[in-house]
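Analysis of the macromolecular model
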Amino acid sequence: MQGSCPGKRVATKVSANENPKGIQFAAVLDLQISQGGVVHSLDGKKLKVEGSDWGVLLLVASSSFDGPFTMPSDSRKDPTSESLNALKSIKTLSYSALYAHHLDDYQNLFHRVSLQLSKSSKSNLKNGSLEMKKVKYSTTNSYVSTSEDDAVSTAERVKSFQTDEDPSFVELLFQYGRYLLISSSRPGTQVSNLQGIWNKDIEPAWDGAPHLNINLQMNYWPSLSCNLKECQEPLFNYISSLSINGSKTAKVNYEASGWVAHQVSDIWAKSSPDRGEAVWALWPMGGAWLCTHLWEHYTYTMDKDFLKNKAYPLLEGCTSFLLDWLIEGPGGYLETNPSTSPEHMFVALDGNPASVSYSSTMDIAIIREVLSGIVSAAEVLGRKNDSLIGKVREAQPKLLPTKIARDGSIMEWAQDFQDPDVHHRHVSHLFGLFPGHTITLEKTPDLCKAADYTLYKRGEDGPGWSTTWKMALWAHLHNSEHAYRMVKHLIDLVDPTHESDFEGGLYSNLFTAHPPFQVDANFGFSAAVSEMLVQSTMKDLYLLPALPRDKWPYGCVKGLRARGGVTINICWQEGDLEEVGLWSREQNSVKRLHYRGTTITAKMSSGKVYTFNRQLKCVKTYSLSKAAFS
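Basis of the calculations
- Residues numbered from 1 in each chain as written.
- Predicted model: local features only at pLDDT ≥ 70, side-chain atom pairs only at ≥ 80, totals over all residues.
- Heavy atoms only, no water.
- Helix = DSSP H or I, 4+ residues; strand = E, 2+ residues; numbered from the N terminus.
- Rg over C-alpha atoms; globule rule 2.2 N^0.38 Å.
- Buried < 20%, exposed > 50% of the residue type's maximum accessible area, 1.4 Å probe, protein only.
- Areas by Shrake-Rupley, 256 points an atom, 1.4 Å probe, with all protein chains shown as cover.
- Lys, Arg positive; Asp, Glu negative; His and termini not counted.
- Charge placed at Lys NZ, Arg CZ, Asp CG, Glu CD.
- Pairing = 2+ DSSP bridges.
- Axes fitted to C-alpha atoms, helices over the stretch in contact; angles between N-to-C directions.
- Contact = heavy atoms within 4.5 Å.
- Patch = residues over 30% accessible without salt bridge, like charges linked within 9 Å, V, L, I, M, F, W, Y side chains within 5 Å.
- Salt bridge = Lys/Arg side-chain N within 4 Å of Asp/Glu carboxyl O.
- 1 Å grid on protein atoms, 1.4 Å probe; cavity = no way out; pocket = protein on both sides within 12 Å on 5 of 7 lines; lining within 4 Å.
- Points joined across faces, edges and corners; volume = space filled by probe spheres on them.
- Nonpolar A, V, L, I, M, F, W, Y, C, P; charged D, E, K, R; others polar.
- Parallel < 35°, antiparallel > 145°, perpendicular 65-115°, else oblique.
- Left-handed = near helix turned anticlockwise from the far one by under 90°.
- Core = buried A, V, L, I, M, F, W, Y, C linked by side-chain atoms within 4.5 Å.
- Polar contact = N/O pair within 3.5 Å; in protein donor to acceptor, adjacent residues only side chain to side chain.
- Disulfide = S-S within 2.5 Å.

It is worth spelling out the overall build of the chain at this point. When its secondary structure is counted, the chain shows 16 helices and 24 strands. A compact globule built from 630 residues should have a C-alpha radius of gyration of about 25 Å, and the chain, at 26 Å, falls within 12% of that. Overall, the chain is about 85 × 75 × 50 Å in size when its C-alpha atoms are taken along their principal axes. Taken across its 630 residues, the chain has 52% of its residues classed as buried. Put simply, the chain shows about 29300 Å² of open surface, and 50% of that area lies on carbon and sulfur atoms. Taking the average place of the 63 positive charges on the side chains of the chain and the average place of its 68 negative ones, the gap between the two points comes to 7 Å.

As structure tokens, then:
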């Protein structure tokens, strides 16, 4: 099969004789059957196999896409030839060999993390660790329990969750998000967009584009805490491409140095403002938000080579733009102007709806994170005396502080404007709580109280990604009740034939709904569950900070990652910590462990496993080489 993608947007007006070349693609299908079998072609549309007791289908596909800086008309890639060559390379391999290779490739990533949740003590701790439940999944999209219950479809499991609140379904959805990330974002692939790799339309909703005001970032939230760091590589390559185009946008649009990217991008690494209204088009913080992922990658992996060679140059360019973009406002504060809060309007002082103001809370929160990240990175790399870092240190105390509105909520804009839609889907002004780090229970209790009220005002309704963001936000307020309410809110079956009647929810294949289908909430769910179980800074570990003790009283999670290069196992019984194991393969570290008011300091050497009991007393240490951990 061969074909060509449209070479222009359908909505774009071009002259009648203009017909640009689009990306070419090809797919080749090979059918292998047993000796003596015969294959018949039926009307050129179907294949009929007779006299064979087995068949193997091999499908390969390729396109002429050669990166964001090569136009389709200039590409020298031949997708048909590439597909045939790929087929030739695997055609001699047996089915068992191909399957074994697939399992090895996939399970090396997937089996790093296990999660078990239970309402009862049937899965009691055995020899200090929860015994893995035996669960099988049939090939007919159904669930079979070990008690030999009748098979139940996935759709029925989604429906029944509102009444049975089956913890094993939460396990499934958590691991499903990890599966989707493994399957859609690997070294050599494109970045995971609004539909991952599962778009079915020629003209998908919102062009299936990477949106940089929450959606693309959420796609990669589980990559670090859920132990899938390799899956971030396409994201970092994409940021590099954005920085190249973004340097032109910064110069042409803003006469600024460095690089910038706005809200909506595409496979060509578009960095300029999108077409349409300012409420979504005018938002030059997309690249800056992505840059926070660079520093986060280092904090989890402690990979100094990555920090030096990949992250720091991108952070430098982003920071240069931000310093040029900031202007001095009243009181000597550095502010952004013009500014919007993603996709949200306010009532201006003249009573009219508006979206453009100055210094939205999210703008300043993202800038604060980027500036903090590059200062920390410079300290690690011995560059704290660089002139750019000196400018950053001068700017940091001048950033406008986060404000509390008259009603006690976090202000979304620099002025306390009236909000015409208090239940709006975005919670951008809470960026500092999560995924940022500037609003914390220990350091900013007043802001946390205001964030709590902000979430209460926003309500529980919203698309899937909004629901999972609220899960994580409530988790960082250590509010397990409301975090779990968002878990339950997401698990609502969506009828695809009447999806406009829904907001959020799950389809029967467990894809999350905006609606329509967007994959971001699948990833956001996995990340938010991990945040309910473990939270970390470079110095602190918070154990079970938002565990819904009455819903998941028994459980065990193994293989989650924390900042500082630490891997964590936690088991609990009757809603109380039973045991926690920590280790780091390459880093000596000092961590403060926090659990329900108890704090201890643990000194850990690389290559050793440290086991702590519910009183956070270290009861056992042993060599990592003797541990059965991946």
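Right, picking up where we left off after that structure.
Within a sheet, each strand pairs with its neighbour through backbone hydrogen bonds, oriented either parallel or antiparallel. Taken in spatial order, the three strands line up as 1-2-5 in an open sheet, and their pairing is antiparallel. A single partner strand is all that each edge strand has here, and the edge strands are strand 1 (2-4) and strand 5 (55-63). Each adjacent strand pair in this sheet contributes to an overall mean axis angle of 15 degrees, direction not counted. Both strand 1 and strand 2 (residues 24-33) contribute to a ladder of three bridges, which runs antiparallel. Residue pairing across strands places S4 opposite Q24, the latter belonging to strand 2. Helix 1 (residues 79-91) rests against strand 1, strand 2 and strand 5 of the sheet, and its axis sits at about 145 degrees to strand 5.

Let us now look at a nonpolar patch on the surface. Judged by side-chain polarity, L29, V39, L47, V49, L57 and L59 come together as a nonpolar surface patch covering roughly 580 Å² of accessible area. Mapped onto the nonpolar patch, the elements with two or more residues apiece are strand 4 (46-50) and strand 5. Inspection of the secondary structure assignment puts L57 in strand 5. The exposure class of L57 is exposed, given its relative accessible area of 58%.

Of the voids in this model, the second largest pocket is the one considered here, and its volume is about 1200 Å³. If you trace the second largest pocket, you find 41 residues lining it, with H437, K443, S536, T537 and M538 closest to the centre. Breaking the lining of the second largest pocket down by element, the ones donating at least two residues are helix 9 (286-301), helix 11 (361-381), strand 16 (534-536), strand 17 (540-543) and strand 21 (589-595). Taken together, the residues of the lining of the second largest pocket break down into 13 nonpolar, 19 polar and nine charged.

For the rest of this paragraph, the subject is the packing of helix 7 (residues 233-254) against helix 10 (residues 304-325). The N-to-C vectors of helix 7 and helix 10 enclose an angle of 25 degrees; their axes lie 11 Å apart at closest approach. The pairing of helix 7 with helix 10 is recorded here as roughly parallel in orientation. Our pair here, helix 7 against helix 10, has a crossing hand that is left-handed. Between helix 7, through F236, N237, I239, S240, S243, A250 and Y254, and helix 10, the contact on the second element is made entirely by F306, K310, L314, F321 and W325. Looking at the contact of helix 7 with helix 10 residue by residue, the class counts come to eight nonpolar, three polar and one charged.

Now for the nonpolar core. Membership of the largest hydrophobic core comes to 147 residues, with the highest contact counts inside it found for W469, L533 and I570. Sorting elements by how many residues they give to this core places helix 11 first, with twelve residues. Other than its neighbours up to four places away in sequence, W469 contacts I214, M218, W221, W289, M362, V427, S428, F434 and P435.

Let's shift gears to the sheet that holds strand 19 (residues 566-573). Taken in spatial order, the six strands make up an open sheet running 6-18-19-20-23-24, and their pairing is antiparallel. The outermost strands of the open sheet, each flanked by one partner alone, are strand 6 (114-118) and strand 24 (618-623). Here the average twist between neighbouring strands, direction ignored, is 15 degrees. Sheet strands touched by helix 4 (residues 167-184): strand 6 and strand 18 (554-562). Its angle to strand 6, the strand with the most contacts, is close to 160 degrees.

Right, let's get into the side chain of T512. With respect to the helices and strands, the residue T512 is situated in the loop between helix 15 (480-490) and helix 16 (520-533). With relative accessibility at 1%, the residue T512 sits in the buried group. A polar atom in the side chain of T512 sits 2.7 Å from the backbone oxygen of Q518. Discounting residues that sit within four places of it in the chain, T512 has contacts with L490, G505, L506, Y507, F517, Q518, V519, A521 and N522.

For the structure shown, the criterion picks out one disulfide. The residue that forms a disulfide with C556 is C571, at a sulfur-sulfur distance of 2.4 Å. In this pair, C556 sits in strand 18 while C571 sits in strand 19, placing the two residues 15 residues apart along the sequence. By relative accessible area, C556 is classed as buried at 0%. Unpaired in terms of disulfides, C226 finds its nearest cysteine sulfur in C231, a separation of 11 Å. Unpaired in this structure, C618 has its nearest cysteine sulfur neighbour in C571, at a distance of 16 Å.

With that settled, the discussion passes to the pairing of strand 18. Taken residue by residue, a regular strand's side chains alternate between the two faces of the sheet. Burial analysis of strand 18 places eight of its nine residues in the buried class, which makes it a mostly covered element. In terms of strand pairing, strand 6 meets strand 18 through five bridges, oriented antiparallel. Residue pairing in the sheet places L117 in a bridge with G555 of strand 18. Relative to strand 19, strand 18 runs antiparallel, the two sharing seven bridges. Bridge pairing links V557 to I570 in strand 19. Where strand 18 folds back onto strand 19 in an antiparallel hairpin, the turn is made up of three residues, including G564, whose phi is positive at roughly 95 degrees.

Turning our attention to empty space enclosed by the protein. The final tally for this structure, using the stated rule, is five cavities of 30 Å³ or more. By volume, the largest cavity is sized at about 230 Å³. Residue lining of the largest cavity: 20 residues in total, with W221, E296, F434, P435 and R563 positioned closest to the centre. Contributions of two or more residues to the lining of the largest cavity are made by helix 6 (222-225), helix 9 and helix 16. Ranked by residue count, the leading element in the lining of the largest cavity is helix 9, at five residues. Its residues placed into classes, the lining of the largest cavity shows nine nonpolar, seven polar and four charged. One number sums up the size of the second largest cavity: a volume of about 90 Å³. Forming the walls of the second largest cavity are 13 residues, and the residues nearest its centre are S359, T361, L400, P401 and T402. Class assignment for the residues of the lining of the second largest cavity results in seven nonpolar, four polar and two charged.

Coordinates in, geometry out; function isn't part of it.
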